[in-house]
Each structure stands twice: as structure tokens, then as C-alpha cells.
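Below are the chains, spelled out letter by letter.
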Protein chains: 2
Amino acid sequence: MRCDVPAEPGFRSAVSGLYRDEVTDTLASAGEAATLRRIFPRLPRAATALVGPGDDAAVVAAPDGRYVVTTDMMIAGPDFRWGWSSPDDVGWKAAATNLADIAAMGARPTALVVAIAAPPQTPVSTMEGIADGFRSACDALAPGCGVVGGDLSASEAFTLAVTAFGDLEGRRPVLRSGARPGDVVAIAGTLGEAARGLRALFALAVDDHGAPDASRAADVAARVPEVAVQRRPTPPIGAGVAAARAGATAMLDVSDGLALDAARLAGASGVRIDLSSGRLGDDPAGALAGGEDHALLACFPADASLPAAFRAIGTVTGSPAQAVPDGAGISGAQEVAARVSVDGRPYLGPSGWDPYAGWNGAAG
Amino acid sequence: MRCDVPAEPGFRSAVSGLYRDEVTDTLASAGEAATLRRIFPRLPRAATALVGPGDDAAVVAAPDGRYVVTTDMMIAGPDFRWGWSSPDDVGWKAAATNLADIAAMGARPTALVVAIAAPPQTPVSTMEGIADGFRSACDALAPGCGVVGGDLSASEAFTLAVTAFGDLEGRRPVLRSGARPGDVVAIAGTLGEAARGLRALFALAVDDHGAPDASRAADVAARVPEVAVQRRPTPPIGAGVAAARAGATAMLDVSDGLALDAARLAGASGVRIDLSSGRLGDDPAGALAGGEDHALLACFPADASLPAAFRAIGTVTGSPAQAVPDGAGISGAQEVAARVSVDGRPYLGPSGWDPYAGWNGAAG
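Enquirer: Break down the overall build of chain A for me, with residues and values.
Expert: For chain A, the helix and strand inventory stands at 10 helices and 13 strands. Here chain A holds 364 residues, and the buried ones make up 60% of them. Counting only contacts in chain A whose residues sit at least 6 apart along the sequence, the fraction spanning at least 24 positions is 85%. Summed over all atoms, the accessible surface of chain A reaches about 12,700 Å², with 52% contributed by carbon and sulfur.

Here's what the structure looks like:
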């Protein structure tokens, strides 16, 4: 997903609505200890926490003898804009995107740790709102999952780094590398909607200088339902465990667009994937390019019963000459075209988002 | 620790030596996938990794049925300066400081996940150097511990977010809250040296405008041995497990100065601590104020044999009227004075570092 909108200009206004001059209850005035005391009670509790926040480290139960772990950052500017997202939205999305990576392993999310770096003039209420967002997301998407620890730091770039944990409950993890020719390719969750919501914000929720504008964003959100999908994604977290139980051979979280992520799965498995455009909704091109869907793409043996959350969208068609050992290594349009076809023809459309190629530090 | 030196001015020069115009092999030109392919082989392997980097999440063994987890951020500007630290130094320090938090629970470090947000014009070699630092630190401080996953993002503020894991090997975690009157207070590791090293850099390793200067830093490092302690701390990681085995009642990582961290331990335990200035080395005041020591402060029953790495520096003297339930809540000099005495007199010296009160976004 490209971020080719002009940055919210200047430092104070870069977080429009947050750094108003009248705000006096800031991180700098409250200090770290008082801020932590205000955040802790708002955070969701983890049922697996043996030692929670407040010590040098947390202790979490792993009854399975293993734990699943993933980490992801969200940064104001490249990844979200204060003019378009409330602190609660930001906490929700940071939780939801990490929970989706746990679900994509076939695991049940159990715990999060959250490190936040914020400018000292950030209102304490912003941190409270983020904590509320984490609680809402865990309660809605992964009940029993909670925040077991964290860290507060100072930075000019408002940054959230979330690490999420999951329990495999005795099952094998569902990797990207297990797809086999003949498998059914299926999806749980939305495709293309989050990207459509972001395009609406880029096009319509900016001020006369092209910078994110909160009041216009409210108008756009009222008219374009996909804006809510962009701001507060609801990945089908429970579908991850359901897929594992149904015998999924491979699975991943679709975060960078269906075509690119399908190519990653195919590359890791040493196979090719053919998708049916007729099963990709009203806007197949938008579904294929997408971005930030946080849907679950899974492969199942042809004779498996798909879990209720999944719908078939294609098939695993066979091995290309050369397997790619590491699914993270798919980077170019050629590789995507070699791995993914649509209605039998190589996919040649736009694919994927690279955090470095796709972002301009000066322009946001 | 205050960061009251002028910032390395401007964005390109803020990472002096890294963003020279002739550098063409950058994150933006290489892209995420190629960068990951170059970093992965340099990272330390974790003996406990069942599924390592490259999938949606890692899977790590927890034979104990529990895992210890901590997270911490390091940000260019507030936490380190490229003019004073090489990429290898930065990786080493990010690993070492997180390993110390695991050790402070009495656990053996097993695994790390590393999220890095970097400007797109960062040379790929910087990321390789950071990976080398992680490998060196794990090999030297916690053999068998390795990196099992991570994330790359774009940000104008170079940011590392590390989450570390540990194994309690069947033991109870050593919390901050278990100290009892009559216990011996002991320390493993250095006190005050890291802060002295940083003061030397602030005073002597800046250019005529007061900004960090790499060539002057090299001169200072050759003359002031404590600069190495600041750049590449060597916390006594193995001493954490040794303390737990010897029956430590409470322990923490001394990162914000001995006086403040002793007050946190005392507050969490509902006790007071008296330190002996004669046991704090040549510069007791420097040892008490300190900062970034990453020593382990532990309490032991009076009849325990101290592990070899520890030396006694005081005693737990009794309960004040009111216990503080959360050791993280100690924030003010009054609270420190109520909890910590030196040679029987309340400690009234400088104490501790607050990330928000102590940092000025404009001045670094």
C-alpha cells in the first residue's frame, strides 16, 4: 500500500487534534511511572499471565510446551495517520494485525507485549485511548488474550511495537510451506476493502494542502463503509484454529495483497496457485492487489470440509521447476507471475507493498 | 540518564557516517525481501526454535510449560547516537539490555524477536552490522539464545524494538517483591561505569556545534575505558540463574540508576534498603546515580552463600508504614528517600531517568 499523500506538515500538527496547545496533561508532565499507573488498569488481562506487567519481565503459561510468537511495528506516518485514526483505532489495529499473524499459524492468541515510543508532548489520554483499543480488540477478536508487559520510550516518531503470542493446543503449526498440488485454496475475511477504505481517505479526507483532515475523514467514514475496515480491521481470528482442525496444509495472513501473499505461500510450498476471478467478489482486481486485508489464506486437501469462515477461491495447480525455500523471499512481479495465475493466466497486475520502496520519508 | 546534548542536526547527518551520498545499496534500493535474505544468515540461531524466521510467526519450545518475556525499545537520538555507536554496537546493546531483563527473573535467555524501523535510505550494511551485533552478544552473553523472528518497517526515527524470552527451568521466577527484612542486598556487574562513559562522550566526543562526532568518539574511547561499557555493556547474564539457585528473594536489572532501582525493589517488597557507601567502589555517588548499568541487584537470605558474581552492598532494613504494591510506580525523589538509605541516612542524591521528563525532542 503506497503512502503517497503529503505528510501532515510540521511536528505539532503532524498529530492533529492530539497536540493542541491547551493540552497540559502530557507524558512529559506526568512522567513514566504515573502514565503506567493510568494505563495498566485499562489493559486487557491475559488468562495465561502468571506474572503480569510491573516486573522486569512477565511470565506466561505455555501448557503446550511451545509458544507461537510474532512481532510487528506501526508508525505514525507510514502506517497510520492521527488525522484519520483515533488513539482507540490505533490500539485496536495494532492488536488485530498481530493477532492475525498468530491465527495464521493455527494458534489461539494468548498474550501481547506492547512497546510504545511517543513524543513527550503526547497527551496521557492518547495512551489511555490506545490501551482501550487493545482491550476492545482482544475482547472482541480473541477473548482471554491480554497485555502482559510493555515499555515506554521517547521518540519524535510515534511508534508501536507489538509482540503477540499464541498456543497451538497440541496441534502442529500450519506453515506456509505445506501446500500440495490438488489442494483447495480458500480465504476467510475480506479482500480489498481495507485498501478501498484507505484510497477513499487519501482521495477525500485531506485538507486543501493534501494533508490528512480529521473532520473530512468523519464525513468520508459516514459515506464509505470500507473506511471502518481500514481503521478497525476485524481479522477472522478464530478461523485460524478452525483451519488447523480441518486439516489445512498451509496458511498465511494476507497483509500485503492477495496476489503477493499467495505467491509467498506458493513459493514456500514449491507449488503454483490458480485463483478464480469469479470467486473474488465484485472487484477482483481490487481483491488481488489489496493490502492490509488481514484475511487468512489457507490450503486444504481436496476432500476436506472447509470451516464455515472459509470460501474456496482457487486451487493448487502443480510444482514449477524451482522451489523457493523461503516464502519471505518473493519480491518481484516476475516471481508473483511465476507462482500465481488467475483463471489459468499468469497474474500480471499490481502486487504488494514494500515498506522501503513504497514510502518517502519526506512525503509521508 | 539525560540526553542534553544538541541533536545530530538534520536528517541525513543525524546518522553521520551512515547516509553518505555515495551509498547506493540502501533499504529503498534493495527492498524488504532482499534485505531479509541478507540479514537472516547473520543472525544467531536459537536452540529452542522449532519454527524460525520466515513464516507468519515463530514457534519456540517451552519445556518448562512457561516462558519469561520482556520488551524494550532503543531509538536513535534519545537512546543512542550513530556518531558514537557502530551498527554492531547498537545490535549488541539492544540484545544485551533485553537479556539482562530475562536474567533478572532468574531465567536463562532462549530467544529474541527484533523489529526494526529504519529510514529507507539506510544502507543495507547497517542492518547487517546490527545483525552481527545481535550474534556477537548472544554468543558471548547467552550461548544458545538466538533470533527467531522480526519485522522491518520504515520510519524517520531509527528504532529497534526487541522482545526477549527465557526459560525458568522449573524454578520460581525471582520477582521484585520478595525481599524480607534481614536479607543481604548484593550486586553483580558494574555500577556507574556506563554513565561515566556517556558523560565522557557528551563532554569530549562532540563537534564544535555540540553534535556527536565519530572521530572524536574514537579518541575518547581510546582514553576512557568506560566508553566501551556504555557502547557494549556486558551484563552478568549467567548470574541471574545463579542467584535464583542460591535462593535470591528478589532481583531486578539496574538500568535507571542503583538508587532508583533499589527503591523500586524496596517498594515492590514493602521494605527499605540500606546501602554501604564503602562497598560502592571509588565513586559511590556515581554508582548510586548511574544509569544503563544493567547490573543485577538481588536480595538473599542472611545465611545464603552469595554466588561468585555477587558482592554484598547493603541490607534490607525493615518495612516502612506503607507498602507500594507496584514497584514500577516509584517516581519521585521523595519516594526514593523513603525507601533507600546510604550508611543509615536517607538517600537524597540524584535518582533516575524518566524517558519523557529527561528528553527534549528538539534538542536530542
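Enquirer: Before we move on, can you summarise the sheet that holds strand β1 (residues 49-51) of chain B with the specific residues and values?
Expert: Spatially, six strands are ordered β5(A)-β4(A)-β6(A)-β3(A)-β2(B)-β1(B) in an open sheet, and the strand pairing comes out mixed. Only two strands of the sheet have a single neighbouring strand rather than two, namely β5 (146-154) of chain A together with β1 of chain B. Each neighbouring strand pair of the sheet contributes to a mean axis angle of 25 degrees, computed without reference to strand direction. Where strand β3 (residues 66-75) of chain A meets strand β6 (residues 159-167) of chain A, eight bridges bridge the pair, whose relative direction is antiparallel. Opposite V68 of chain A, over in β6 of chain A, you have G166 of chain A as the bridge partner. Against the sheet, helix α2 (residues 87-103) of chain A engages β3, β4 (108-118) and β6 of chain A, with an angle of about 140 degrees to β3 of chain A. Packing of helix α3 (residues 124-141) of chain A onto the sheet brings it into contact with β4, β5 and β6 of chain A, and relative to β4 of chain A it is tilted by some 165 degrees.

Enquirer: Account for helix α1 (residues 27-39) of chain B, with residues named and values stated.
Expert: Residues and elements named next belong to chain B. Here α1 contains 13 residues, and its C-alpha end-to-end distance of 12 Å is more than 12% below the 18 Å for a straight helix at 1.5 Å per residue. A bend of about 70 degrees at A33 is the largest found in α1. Here the buried face of α1 lies against β4 (108-118), α3 (124-141) and β5 (146-154).

Enquirer: Break down the relation of the copies chain A and chain B for me, with residues and values.
Expert: The transformation that overlays chain A on chain B combines an axial shift of 0.0 Å with a rotation of 180 degrees, and the residual RMSD is 0.0 Å. Accordingly, the operation relating the two chain copies is best matched by a two-fold axis. Of the C-alpha atoms belonging to chain A, the one lying closest to the rotation axis is found on G65 of chain A, 2.5 Å away. Both copies share a contact surface, since 100% of the interface residues of chain A are interface residues in chain B too.

Enquirer: So what about the state of the cysteines? Which residues, and what values?
Expert: One pass over the full model with this rule turns up zero disulfides over all chains. Free of any disulfide, C138 of chain B has its nearest cysteine sulfur in C145 of chain B, 4.2 Å distant.

Enquirer: Quick rundown of the pattern of salt bridges? Include the residues and the values.
Expert: Counting across every chain of the model gives 38 salt bridges over all chains. Among the salt bridges present, the one from R108 of chain B reaches D167 of chain B, with a minimum N-O distance of 3.5 Å. You can see R108 of chain B sitting in strand β4 and its partner D167 of chain B sitting in strand β6 (residues 159-167), a full 59 residues away along the chain. The class for R108 of chain B is partly exposed, based on a relative accessible area of 33%. Two residues, R196 of chain B and E226 of chain B, come together in a salt bridge whose shortest N-O distance is 3.4 Å. Here the residue R196 of chain B occupies a position in helix α4 (residues 193-204), and E226 of chain B occupies one in helix α6 (residues 226-231), the gap between them amounting to 30 residues. By relative accessible area, E226 of chain B is classed as buried at 17%. Overlapping salt bridges, with partners in common, bring together D25, R38, R42, E128, D132 and R135 of chain A in one network.

Enquirer: Report on the pairing of strand β10 (residues 295-300) of chain B, specifying residues and quantitative values.
Expert: All names here are of chain B. Extensive coverage of β10 is indicated by the burial of six of its six residues. Of the two faces of β10, the one lined by A295, L297 and C299 and the one lined by L296, A298 and F300 are each fully buried. Bridge count between strand β7 (residues 184-188) and β10: five bridges; the pairing is antiparallel. Along β10, the bridge assignment pairs A186 with A298. When strand β8 (residues 250-254) meets β10, the two strands line up antiparallel, connected through five bridges. Bridging from a neighbouring strand, V254 pairs with A295 of β10.

Enquirer: Could you give an account of the pairing of β6 of chain B, naming the residues involved and the relevant values?
Expert: Buried residues dominate β6 of chain B, accounting for nine of its nine residues. Side chains of β6 of chain B alternate between two faces, with T159, A161, T163, F165 and D167 of chain B and L160, V162, A164 and G166 of chain B buried alike.

Enquirer: Account for the interface of chain A and chain B, naming residues and giving values.
Expert: Each partner contributes residues to the interface: chain A has 75 residues there, and chain B has 75 residues. Between chain A and chain B, roughly 5,900 Å² of surface is buried when both sides are summed, and carbon and sulfur atoms account for 60% of that area. Looking at the side of chain A facing chain B, the largest losses of area belong to D56, Y67 and Y356 of chain A, adding up to 16% of the total buried there. For the pair chain A and chain B, the number of links is four salt bridges. Between D55 of chain A and R176 of chain B there is a salt bridge; the shortest N-O distance is 3.7 Å. In this structure, the connection of chain A to chain B is made through 17 residue pairs in polar contact (both at pLDDT 80 or more). When residues of the side of chain A that touches chain B are traced back to their parent elements, those giving at least two are α1 (27-39), β1 (49-51), β2 (58-61), β3, β4, β5, β6 and β8 (250-254) of chain A.

Calculation notes
Residues numbered from 1 in each chain as written. Chains lettered and ligands numbered in written order. Predicted model: local features only at pLDDT ≥ 70, side-chain atom pairs only at ≥ 80, totals over all residues. Heavy atoms only, no water. Helix = DSSP H or I, 4+ residues; strand = E, 2+ residues; numbered from the N terminus. Buried < 20%, exposed > 50% of the residue type's maximum accessible area, 1.4 Å probe, protein only. Contact = heavy atoms within 4.5 Å. Areas by Shrake-Rupley, 256 points an atom, 1.4 Å probe, with all protein chains shown as cover. Pairing = 2+ DSSP bridges. Axes fitted to C-alpha atoms, helices over the stretch in contact; angles between N-to-C directions. Expected span 1.5 Å × (residues − 1). Bend = angle between axes of the 7 residues up to and from the residue. Least-squares fit on C-alpha atoms with pLDDT ≥ 70 in both. Disulfide = S-S within 2.5 Å. Salt bridge = Lys/Arg side-chain N within 4 Å of Asp/Glu carboxyl O. Buried area = accessible area lost by both parts, 1.4 Å probe. Polar contact = N/O pair within 3.5 Å; in protein donor to acceptor, adjacent residues only side chain to side chain.

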